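# Structural overview for review
Below, each chain spelled out in residue letters.
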Amino acid sequence: MRIDKSLNNTMSNVTYCDFGDFGKQYRDYVHGYLSISVCLFGSLANIFNICVLRTKNMRSPTNCILTGLALADLLVMLQYVPFTIHRNMAPHPLHYTHFNYSWAVFYKFHSLFTLVLHFIACSLTIILAVWRTVLVIVMTYVMCPLMCFPILSTLEITPYQQTCTSEGMIVDRDQRHKYNFSDLRNQTVYVLYLNDPYNLSIWIYTVLLKFVPCLLLTLLSNKINCALMEAKRRRMKLLSGNKKLAEDDVTKKASAVQVYRENQADRTTHMLLAVLILFLVTEFPQAILGLISAVLGKIFLKECYAPLGDVMDIMALINSSINFILYCTMSRQFRTTFQDMFHLKEIFGWIRKPSSRSCLAEETRAETKMSLV
């Protein structure tokens, strides 16, 4: 079959989107300071998560997985700080040593390290919904790097000659006319180059590490939501049935204990469902854009996906730092353990003195809790 040359030229000049200016403005003026702020908060929040979830009264298979998830998020935050300082908060003009071989190695490490940890976090989120055991967590931290290892072969540290001043400051191509030729020097700099003629890394990243886990999380989230609805229906049926029974103290106490336990289980399940949904909100856009890039090729990757890379990075960082707020909001046991561990009531007790009414309410709640036990 003959291919029309005019059609071929038209397809080669196709433009999907124009996010280049937006990506540059966001990267130069917003991303560095925003990502540093999120990383500092997220690192502290994940340290709190690990400390609280590893206490004796919080130990459970579910919390063990949440600890592994917090560790992965913490490692992402810690290594992203030097990366964003070097990349987004560099001095101007740049010295050629800014692109030395050591930093090129670090960029290569950063690319694989963040990919592995995001994949670990995604796998642990799936495990959180289907299986809860320490052995699986250890296997996840071992298997995920092995599955991501093929991408390492597509990243090459490439040297090239960069025009600099005699002091070593980098001179852009469009600024060379401002300098005397005798004042310019060529210096060797190193950059990380993606050598992937068969788009192997794109397919592994988008399909295996992003799209398939997101699809599984969607199905599991729907299953958990259906289970919550069914549990609510059974609880309503139980409560209506108890009204027909004899109103003696033993029956009331047994019914109250059962309802209390079911409410606790529902709160835990709601929290896990929230973790899954937040993860999907962050990961699914990356998976879809990456899959489109793999299908449409380098033009879409350059014009649409690459300029939004920093935006997707900050979304992932926010998702990695927000779990602490989620736990404090939805888990009374987590809040109580956090307050007791760091003595927050004693520290902030002078701000608000408890009134007699609040003291009476606390005593009433304590008596109610004792009656349920």
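None of these values were measured; they are calculated from a predicted model.

### Quick notes on the environment of Ser35
By secondary structure assignment, the location of Ser35 is in helix 2 (residues 20-53). Here Ser35 falls in the buried class, since its relative accessible area comes to 0%. Considered as a pair, Ser35 and Asp310 are 275 residues apart in the sequence and their alpha carbons are 9.3 Å apart.

### A short note on the nonpolar core
Judged by nonpolar contacts, the single largest core of 62 residues is most densely connected at Ile120, Cys148, Leu209, Leu217, Leu317, Tyr327 and Phe334. With 13 residues, the single largest contributor to this core is helix 4 (residues 101-130). If near-sequence neighbours (up to four positions away) are discounted, Leu217 is found in contact with Cys122, Thr125, Ile126, Leu276, Phe279 and Leu280.

### Here's the deal with empty space enclosed by the protein
Scanning the model with the defined rule gives two cavities of 30 Å³ or more in all. One number sums up the size of the largest cavity: a volume of about 80 Å³. Mapped onto the lining of the largest cavity, the elements with two or more residues apiece are helix 3 (61-88), helix 4, helix 7 (249-296) and helix 9 (309-321). The greatest single-element share of the lining of the largest cavity, amounting to four residues, is contributed by helix 7. Each residue belonging to the lining of the largest cavity can be placed in one class, and the counts come to six nonpolar, five polar and two charged. Here the second largest cavity defines a volume of roughly 40 Å³. Contributing to the lining of the second largest cavity are Leu115, His118, Phe119, Cys122, Leu209, Lys210 and Glu283. For the lining of the second largest cavity, the elements supplying multiple residues, two or more each, are helix 4 and helix 6 (200-242). Per-element accounting of the lining of the second largest cavity gives the leading share, four residues, to helix 4.

### Considerations on the packing of aromatic side chains
A full pass over the atoms with the stated rule returns 16 aromatic pairs. Between the aromatic rings of Phe48 and Phe342, the centroid separation amounts to 4.9 Å while the plane-to-plane angle is 65°, which identifies the pairing as edge-to-face. Of this pair, Phe48 sits in helix 2 while Phe342 is found in the loop between helix 11 (332-341) and helix 12 (344-347), placing the two residues 294 residues apart along the sequence. Look at Phe342 and you get partly exposed, because its relative accessible area is 27%.

### Examining the packing of helix 2 against helix 10 (residues 323-330)
At a closest axis distance of 8 Å, the pairing of helix 2 and helix 10 adopts a crossing angle of 50°. Considered as vectors, helix 2 and helix 10 are oriented oblique to each other. Of the residues in helix 10, those in contact with Phe41, Ala45, Phe48, Asn49 and Leu53 of helix 2 are Asn323, Phe324, Ile325 and Tyr327. Taken together, the residues of the contact of helix 2 with helix 10 break down into seven nonpolar, two polar and no charged.

### Digging into the pattern of salt bridges
Counted under the stated rule, the structure contains four salt bridges. Put simply, Arg87 and Asp310 hold a salt bridge, and the shortest N to O gap is 2.9 Å. Here Arg87 is found in helix 3, whereas its partner Asp310 is found in helix 9, with 223 residues between them in sequence. Given the relative accessible area of 5%, Asp310 is considered buried. Here Lys210 makes a salt bridge to Glu283, at a shortest N to O gap of 2.3 Å. Highlighted residues: Lys210 in helix 6 and Glu283 in helix 7, separated in sequence by 73 residues. Given the relative accessible area of 3%, Glu283 is considered buried.

Analysis parameters
- Residues numbered from 1 in each chain as written.
- Predicted model: local features only at pLDDT ≥ 70, side-chain atom pairs only at ≥ 80, totals over all residues.
- Heavy atoms only, no water.
- Helix = DSSP H or I, 4+ residues; strand = E, 2+ residues; numbered from the N terminus.
- Buried < 20%, exposed > 50% of the residue type's maximum accessible area, 1.4 Å probe, protein only.
- Core = buried A, V, L, I, M, F, W, Y, C linked by side-chain atoms within 4.5 Å.
- Contact = heavy atoms within 4.5 Å.
- 1 Å grid on protein atoms, 1.4 Å probe; cavity = no way out; pocket = protein on both sides within 12 Å on 5 of 7 lines; lining within 4 Å.
- Points joined across faces, edges and corners; volume = space filled by probe spheres on them.
- Nonpolar A, V, L, I, M, F, W, Y, C, P; charged D, E, K, R; others polar.
- Phe/Tyr/Trp six-rings, centres within 6.5 Å; stacked < 30°, edge-to-face > 60°.
- Axes fitted to C-alpha atoms, helices over the stretch in contact; angles between N-to-C directions.
- Parallel < 35°, antiparallel > 145°, perpendicular 65-115°, else oblique.
- Salt bridge = Lys/Arg side-chain N within 4 Å of Asp/Glu carboxyl O.

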